[in-house]
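So the chains spell out like this:
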Protein chains: 2
Amino acid sequence: MPRARHAGAGRESVTAHQEPPVELTAAAREDGVDAAAAAARRLIDSLLRAGDGTEVAMSGITEQLTAIADRLDAHAPPFDERMVAMWAGDATTRHDPVTGPENALAPPVRFAGAADGSVSAVVELGVAYQGQPGCAHGGVSALLLDHALGVANHWGGRSGMTAELTLRYRAPVPLFVPLAVTGRQVAVDGRKLWAEGAISTPDGAVCVAAKGFFIGKHLPRPR
Amino acid sequence: MPRARHAGAGRESVTAHQEPPVELTAAAREDGVDAAAAAARRLIDSLLRAGDGTEVAMSGITEQLTAIADRLDAHAPPFDERMVAMWAGDATTRHDPVTGPENALAPPVRFAGAADGSVSAVVELGVAYQGQPGCAHGGVSALLLDHALGVANHWGGRSGMTAELTLRYRAPVPLFVPLAVTGRQVAVDGRKLWAEGAISTPDGAVCVAAKGFFIGKHLPRPR
């Protein structure tokens, strides 16, 4: 278990550069629902970029999308069964709105864990995540960082539920550039966990910093 | 200007029950890009509910969605022009990831302002917003509350950018129930603004409480 190696969160490891990062979130498959979700993700972006006023008939698109959704719904398993499948296996989920390759809301972000106890990801946000002009919505930064801190706790050796999250917005988060999203579990005291993280621009400037306090428990998994 | 009427944020108005709430966010139109985005929103949900393992050919869906996106992209205006159109008019945007009817990421939430200075919305979150089993992702609650506080500042008479946001998670936020999302500007000192908000269940229990500190400025609009 690689997690045990850096259970002392915050400890620097001199061997960090020698160990490849460990993938902590689901990789997108090139077919199946992942590919359809990726296409849906692109479609969301294309709808926003087109808007009304082009010569594309939106009514035809609405009909096509509705027909696809109807077909999917007609063949979907009972929701209870699907929930069991969604939550089967280890802590990695394939459906969440941050990293889930099956979820078109998710950019998706892919976190990796390093030997020094930190987790990180690189993500470019498109126009669907816009808050102020050309910049990410402040709440989208919060969404990414809440998840980053959750992954950091998992990588640190103990996961929990967010009890308090504080975000400090230092500078706007630009769209369309490769952002670094980082996290690290900084302290553990019994069931109490603390983690920190940040979103930075490619030149290393921190745009948003996050601190979180977590309680070491999870809601029961469907079964 | 209704905003002037309750510029003293937090002041209770005895006439509150006599005045209908004022819509503060864009209403979805029943056709055009809004209808296509609504269909895309449903499709995201249907993809998640189906997952892999049904007899629906995801490859065909991927092809259809890609073809639609290709067609939209081929007819989209230059992005600079589209950005100007997105940001034209008053503070109400039609594209943001919380309230935007053109954005399939948005639930969408529709906020209304009351005469007592508060803003509120009712929203049901589907499986695409799931964090822990059956509950909203903590970061999604943060996204909704950051936006609610921004709308509250606007309704309070002065808008700003989030400088600090603190979220306290008291109880899981259930999916599939009508949640109340509320906000209120609680103090103004020159360019400094403070606002508070909450997400509550239908029985009035507060699941997540938010406090925000804002600086009264906006990034320039594209023109």
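An unreviewed UniProt entry annotates chain A as PaaI family thioesterase originating from Saccharopolyspora cebuensis.

Peer 1: Would you mind going over the overall build of chain A in detail, with residue names and values included?
Peer 2: In terms of regular secondary structure, chain A is built from five helices and seven strands. When the helices and strands of chain A are read in sequence order from the N terminus, they spell out α-β-α-α-α-β-β-α-β-β-β-β. Against the compact-globule benchmark of 17 Å for 223 residues, chain A has a radius of gyration of 19 Å, which places it among compact chains. Along the first, second and third principal axes, the C-alpha set of chain A runs to 60 × 45 × 35 Å. Within chain A, the proportion of its 223 residues that are buried is 53%. By sequence separation, contacts in chain A at least 24 residues apart represent 66% of the contacts at least 6 residues apart. Element-wise, carbon and sulfur atoms account for 54% of the exposed surface of chain A, whose accessible area totals about 9,200 Å². In chain A, which carries 21 positive and 24 negative side-chain charges, the distance between the mean positions of the two groups comes to 9 Å.

Peer 1: Lay out the pattern of salt bridges with the relevant residues and their values.
Peer 2: All told, the structure shown has 18 salt bridges over all chains when counted by the stated rule. Residue A:E164 pairs with B:R168 through a salt bridge whose shortest N-O separation is 3.1 Å. Separated into two different chains, A:E164 in strand β4 (residues 161-169) and B:R168 in strand β4 (residues 161-169) make up a pair that spans both. By relative accessible area, A:E164 is classed as partly exposed at 26%.

Peer 1: Requested: an account of the interface of chain A and chain B, with residues and values cited.
Peer 2: Listed by partner, the interface residues are 82 residues for chain A and 82 residues for chain B. Both sides of the chain A and chain B interface together cover about 7,400 Å² of buried area, and 66% of this is carbon and sulfur. At the junction of chain A and chain B, the tally comes to six salt bridges. With a closest N to O distance of 2.9 Å, A:R42 and B:D73 form a salt bridge.

Peer 1: Give a detailed account of the relation of the copies chain A and chain B, specifying residues and quantitative values.
Peer 2: For the pair chain A and chain B, the relating rotation is 180 degrees, the translation along its axis is 0.0 Å, and the fit reaches an RMSD of 0.0 Å. In symmetry terms, the pair is related by a two-fold rotation axis. Taking the C-alpha atom as reference, chain A places A:T166 closest to the rotation axis, 2.2 Å from it. Interface overlap between copies: 100% of the residues of chain A at the interface are likewise at the interface in chain B, consistent with a symmetric, same-surface contact.

Peer 1: Let's hear about unusual backbone geometry: which residues, and what values?
Peer 2: Residue and element names in this part refer to chain A. The peptide bond linking P107 to P108 adopts the cis configuration, its omega dihedral lying at -15 degrees. In this fold, P108 is placed in the loop between α4 (79-86) and β2 (112-113). For F176, which is not glycine, the phi torsion reads 65 degrees and is therefore positive. Inspection of the secondary structure puts F176 in the loop between β4 and β5 (179-189). The partly exposed category is assigned to F176, whose relative accessible area is 35%.

Peer 1: With reference to specific residues and values, describe the UniProt feature "domain: Thioesterase" (unreviewed entry) in chain A.
Peer 2: When the UniProt feature table is mapped onto this chain, "domain: Thioesterase" (unreviewed entry) is found at residues 134-207 of chain A. Counting secondary structure, residues 134-207 of chain A comes out at 26% helix and 42% strand; the distance between its end C-alpha atoms is 14 Å.

Peer 1: Which residues make up helix α3 (residues 58-75) of chain B, and what values go with them?
Peer 2: Taking 1.5 Å per residue, 18 residues should reach 26 Å; α3(B) reaches 26 Å between its end C-alpha atoms and fits that length. Every buried residue belonging to α3(B) is among B:M58, B:I61, B:T62, B:L65, B:I68, B:A69 and B:L72, and all of these are buried. With its buried residues spanning 130 degrees around the axis, α3(B) presents them on a single face. The outward face of α3(B), more than 90 degrees from its buried face, is lined by the exposed residues B:E63 and B:A74. Residues of α3(B) that are buried in the fold lie against α2 (32-50) and α3 (58-75) of chain A together with α2 (32-50) of chain B.

Peer 1: Run through the confidence of the model for chain A, naming residues and quoting values.
Peer 2: Confidence in the prediction of chain A, expressed as mean pLDDT, is 91, and 91% of residues score 70 or more. Every residue in residues 1-16 of chain A is under pLDDT 50, and counting partners more than four places away or in other chains gives 25 contacts.

Peer 1: Please give an account of the environment of B:R168 that cites residues and values.
Peer 2: On the accessibility criterion, B:R168 (38% relative accessible area) is partly exposed. Between the alpha carbons of B:R168 and B:A209 there is a distance of 5.2 Å; along the sequence they are 41 residues apart. Dropping the residues within four chain positions of it, B:R168 is found in contact with A:A163, A:E164, B:C207, B:V208, B:A209 and B:K211. Side chain to side chain, B:R168 and A:E164 meet in a polar contact 3.1 Å long.

Peer 1: Describe the side chain of B:T99, and please don't skip the residues or the numbers.
Peer 2: Residue and element names in this part refer to chain B. If you trace the backbone, T99 turns up in the loop between α4 (79-86) and β2 (112-113). For T99, a relative accessible area of 2% translates into the label buried. Within the structure, T99 has its side chain in polar contact with the side chain of D96 (distance 2.6 Å).

Peer 1: Any chance you could break down the packing of aromatic side chains for me, citing the residues and the numbers?
Peer 2: This model, assessed by the stated rule, comprises four aromatic pairs over all chains. With centroids separated by 5.6 Å and ring planes inclined at 85 degrees, the aromatic side chains of A:F79 and B:F176 adopt a geometry described as edge-to-face. Of the two residues, A:F79 sits in helix α4 while B:F176 sits in the loop between β4 and β5 (179-189), which places them in two different chains. Here A:R49 stacks its cationic end above the ring of B:F79, 4.5 Å away from the centre of that ring.

Peer 1: Lay out the packing of α2(A) against α3(B) with the relevant residues and their values.
Peer 2: Interhelical geometry of α2(A) versus α3(B) gives an angle of 15 degrees and a closest axis separation of 8 Å. Here α2(A) is positioned roughly parallel relative to α3(B), judged by the angle of their axes. Crossing handedness for the pair α2(A) and α3(B): left-handed. For the pair α2(A) and α3(B), the contacting residues are A:G32, A:V33, A:A35, A:A36, A:A39, A:A40, A:R42, A:L43, A:S46, A:L47 and A:A50 in the first and B:M58, B:I61, B:T62, B:L65, B:T66, B:I68, B:A69, B:D70, B:L72 and B:D73 in the second.

Thresholds, definitions, all that
- Along each chain, the written sequence defines residue order, and numbers are assigned to residues from 1.
- For naming, the first written chain is A and the first written ligand is 1, with later ones following in the order written.
- Only residues with pLDDT of at least 70 are given local features in this predicted model, and only at 80 or more are side-chain atom pairs given and counted; all residues enter the totals for whole chains, interfaces and linings.
- In computing side-chain properties, one takes all heavy atoms of the structure into account and sets aside hydrogens as well as water.
- Numbering of helices and strands runs from the N terminus; a helix is a DSSP stretch of H or I covering at least four residues, while a strand is a stretch of E covering at least two.
- Between the two quantities, the radius of gyration covers C-alpha atoms and the globule rule is 2.2 Å times the number of residues to the power 0.38.
- With a 1.4 Å probe rolled over the protein chains alone, any residue whose accessible area is under 20% of its type maximum counts as buried; one over 50% counts as exposed, and the rest are partly exposed.
- Note on definitions: a residue-residue contact is assigned when non-hydrogen atoms from the two residues lie within 4.5 Å.
- In short, Shrake-Rupley with a 1.4 Å probe defines the accessible areas, and a residue's cover is counted only from the protein chains shown.
- We count Lys and Arg on the positive side and Asp and Glu on the negative side, and we leave His and both chain ends out.
- Charge positions come from single atoms, namely NZ of Lys, CZ of Arg, CG of Asp or CD of Glu.
- When a carboxyl oxygen of Asp or Glu lies within 4 Å of a side-chain nitrogen of Lys or Arg, that pair is called a salt bridge.
- When two parts are brought into contact, each loses some accessible area as probed by a 1.4 Å sphere; the total of that loss over both is the buried area.
- The atoms used to superpose the copies are C-alpha atoms, taken from residues with pLDDT of at least 70 in both, and the fit is least squares.
- UniProt positions are given in the numbering used here, feature names are shortened, and annotations may be inferred rather than shown by experiment.
- By this rule, a helix spans an expected 1.5 Å times one less than how many residues it contains.
- Our arc is simply the arc of the directions from the helix axis toward the C-beta atoms.
- Confidence scores per residue from the predictor, reported as pLDDT, run from 0 to 100.
- Each polar contact in these results corresponds to two N or O atoms within 3.5 Å; when the atoms are within protein, one needs to be able to donate a hydrogen and the other to accept it, and residues that are neighboring in sequence are counted only if both atoms are side-chain atoms.
- Centres within 6.5 Å make a pair out of two Phe, Tyr or Trp rings, where for Trp the six-membered ring is used; the pair is then stacked when the planes are under 30 degrees apart, edge-to-face when over 60, and tilted otherwise.
- Charge-over-ring placement is defined geometrically: NZ (Lys) or CZ (Arg) within 6 Å of the ring centre, and within 35 degrees of the ring normal.
- Only the stretch in contact is used when a helix axis is fitted, and all axes are lines through C-alpha atoms; the angle between N-to-C directions ranges over 0 to 180 degrees.
- Should an angle fall under 35 degrees it is called roughly parallel, over 145 degrees roughly antiparallel, and 65 to 115 degrees roughly perpendicular, with every other angle called oblique.
- A crossing counts as left-handed when the near helix is turned anticlockwise from the far one by less than a right angle, and as right-handed when that turn is clockwise.

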